[in-house]
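Structure at a glance
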Amino acid sequence: MDGRRAERILRLLGREGLVAARQVIEPEPAPLRAMLRVHTADYLESLQQADTLERILPGLLDQVPDADILAWQRRMAGGTLAAARRARSTGRPAVTLGGGMHHAHADSGEGFCLFNDVAVAIRALRAEGYAGRVLVIDLDLHPGNGTRAIFADDPSVFTFSVHAHDWDMPPAIADRAVALGDGVRDTAYLATLDALLPEVMAEARPDFVYYVAGTDIADEDQLGNWHISADGIAARDRRVVAAVGDLPLVWTLAGGYGPDAWRHT
């Protein structure tokens, strides 16, 4: 994992004149009340135990102190919440340089994900009075299983995931999940999105969209096994933006591993 991924992205955007300082917001950590709308109190308490963290974040505790990991992921959840509020108030896209922790369930974490930041943001906006229909487009290499499970009984939140292999995928009221297997390349991947994105937009009829834009689909990703080129990832992202159109959009980074993963974002 590249701990400077967000910094590298932001530095390049600034150097190219694409983002000004006034457009960058440093978020507060997600408040406990927002976390408790998604995660059980027992689970959040269990994160004070090193063995729980080691199970969710294998190997990382040897590199980063427990408290730093908890603070880092809680701030990422705050970043997605801040982006959601921004997108809601402006009607324009908001990007958070983190987040997309889609494996976290209400009562457990897995796959390096302690908190489900997208779910935290959705539930927080609900508590603030937002009643529109929500679509989560998850194009990480791995499935959005935690998000799907959290909203399995909620017809107002549609989860759409295209990934390599299914994990634990409980039945859900409003969901489309497609597993493409190993070794996927640009042509097959983009053809899948061309076929499915219009169908999902028509079925979900969203008012608000979250995009889990994992780049662990990249050919050279250190944990992935797909062969999507840089141009293929850019084409994927353009397809999502075109499909979403003028709807409020929150873009999260999600997966991407190795020192060059930031370049694809």
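Look a little higher up for the structure.
Residues numbered from 1 in each chain as written. Predicted model: local features only at pLDDT ≥ 70, side-chain atom pairs only at ≥ 80, totals over all residues. Heavy atoms only, no water.

1. Considerations on unusual backbone geometry
Although it is not a glycine, Phe112 sits at a positive phi angle of roughly 70°. Looking at where Phe112 falls in the secondary structure, it is placed in the loop between strand S1 (94–96) and helix H6 (117–127). A positive phi angle is found at Arg205, which is not glycine, with a value near 45°. Tracing the backbone shows Arg205 in the loop between helix H8 (186–204) and strand S5 (208–212). (Helix = DSSP H or I, 4+ residues; strand = E, 2+ residues; numbered from the N terminus.)

2. Some details on the side chain of Asp237
Here Asp237 lies in helix H9 (residues 230–244). For Asp237, the side chain forms a polar contact with the side chain of Tyr211, separated by 2.6 Å. The contacts of Asp237, once residues within four sequence positions are left out, are Tyr211 and Trp251. (Polar contact = N/O pair within 3.5 Å; in protein donor to acceptor, adjacent residues only side chain to side chain. Contact = heavy atoms within 4.5 Å.)

3. Side note on the pattern of salt bridges
Here the structure, examined in full by the defined rule, presents 10 salt bridges. Ionic pairing is found between Asp175 and Arg148, a salt bridge with its closest N-O pair at 2.2 Å. In this pair, Asp175 is assigned in strand S4 (residues 175–179) and Arg148 in helix H7 (residues 145–150), connecting sequence segments 27 residues apart. Accessibility classification places Asp175 together with Arg148 in one group, the buried group. A salt bridge links Asp194 to Arg239; the shortest N-O distance between them is 2.7 Å. In this pair, Asp194 is assigned in helix H8 and Arg239 in helix H9, connecting sequence segments 45 residues apart. Residue class for Asp194 comes out partly exposed when judged on its relative accessible area of 42%. Taken together, the salt bridges that share partners define one network made up of Arg4, Glu7 and Arg11. (Salt bridge = Lys/Arg side-chain N within 4 Å of Asp/Glu carboxyl O. Buried < 20%, exposed > 50% of the residue type's maximum accessible area, 1.4 Å probe, protein only.)

4. Comments concerning the sheet that holds strand S6 (residues 249–252)
The strand order S1-S6-S5-S2-S3-S4 describes an open sheet built from six strands, whose pairing is parallel. The sheet terminates laterally at S1 and S4, the two strands that pair on one side only. Pairs of neighbouring strands in the sheet enclose a mean axial angle of 15°, with direction left out of account. Note: strand S2 (residues 134–138) against S5, five bridges, orientation parallel. Across the sheet, the residue bridging to Val134 is Phe208, located in S5. Where H6 meets the sheet, it contacts S2, strand S3 (157–163), S5 and S6, and its direction lies at approximately 165° from that of S5. (Pairing = 2+ DSSP bridges. Axes fitted to C-alpha atoms, helices over the stretch in contact; angles between N-to-C directions.)

5. Section: the environment of Thr187
Relative to the elements of secondary structure, Thr187 occurs in helix H8. A C-alpha to C-alpha distance of 9.0 Å links Thr187 and Ile228, two positions 41 residues apart in sequence.

6. Focus on the pairing of S2
Extensive coverage of S2 is indicated by the burial of five of its five residues. Burial along S2 is two-sided: Val134, Val136 and Asp138 and Leu135 and Ile137, pointing in opposite directions, are all buried. The pairing of S2 with S3 spans five bridges and is classified as parallel. Paired with Leu135 across the strands is Phe158, a residue of S3. Between S2 and its parallel partner S3, the chain crosses via H7, and the hand of that crossover is right-handed. (Right-handed = clockwise from strand over helix to strand, strands pointing away.)

7. Thoughts on the environment of His165
Among the structural elements, His165 can be located in the loop between S3 and S4. Once the C-alpha coordinates of His165 and Ala131 are considered, the two residues, 34 residues apart in sequence, prove to be 32 Å apart. Not counting residues within four places of it along the chain, the set of residues in contact with His165 comprises Pro143, Ala179, Gly181 and Asp182.

8. A few points about the packing of H8 against H9
To characterise two packed helices, one gives the angle between the axes of the helices and the distance between these axes. Taken N-terminus to C-terminus, the directions of H8 and H9 make an angle of 10°; their axes are 11 Å apart at the nearest point. Classified by the angle their axes make, H8 and H9 are roughly parallel. Seen from H8, the contacting residues are Asp186, Tyr189, Leu190, Leu193, Asp194, Leu197 and Met201; seen from H9, they are Gly232, Ala235, Arg236, Arg239, Val240, Ala243 and Val244. Of the residues assigned to the contact of H8 with H9, the class counts are nine nonpolar, one polar and four charged. (Parallel < 35°, antiparallel > 145°, perpendicular 65-115°, else oblique. Nonpolar A, V, L, I, M, F, W, Y, C, P; charged D, E, K, R; others polar.)

Distances and angles like these do not, on their own, reveal function.
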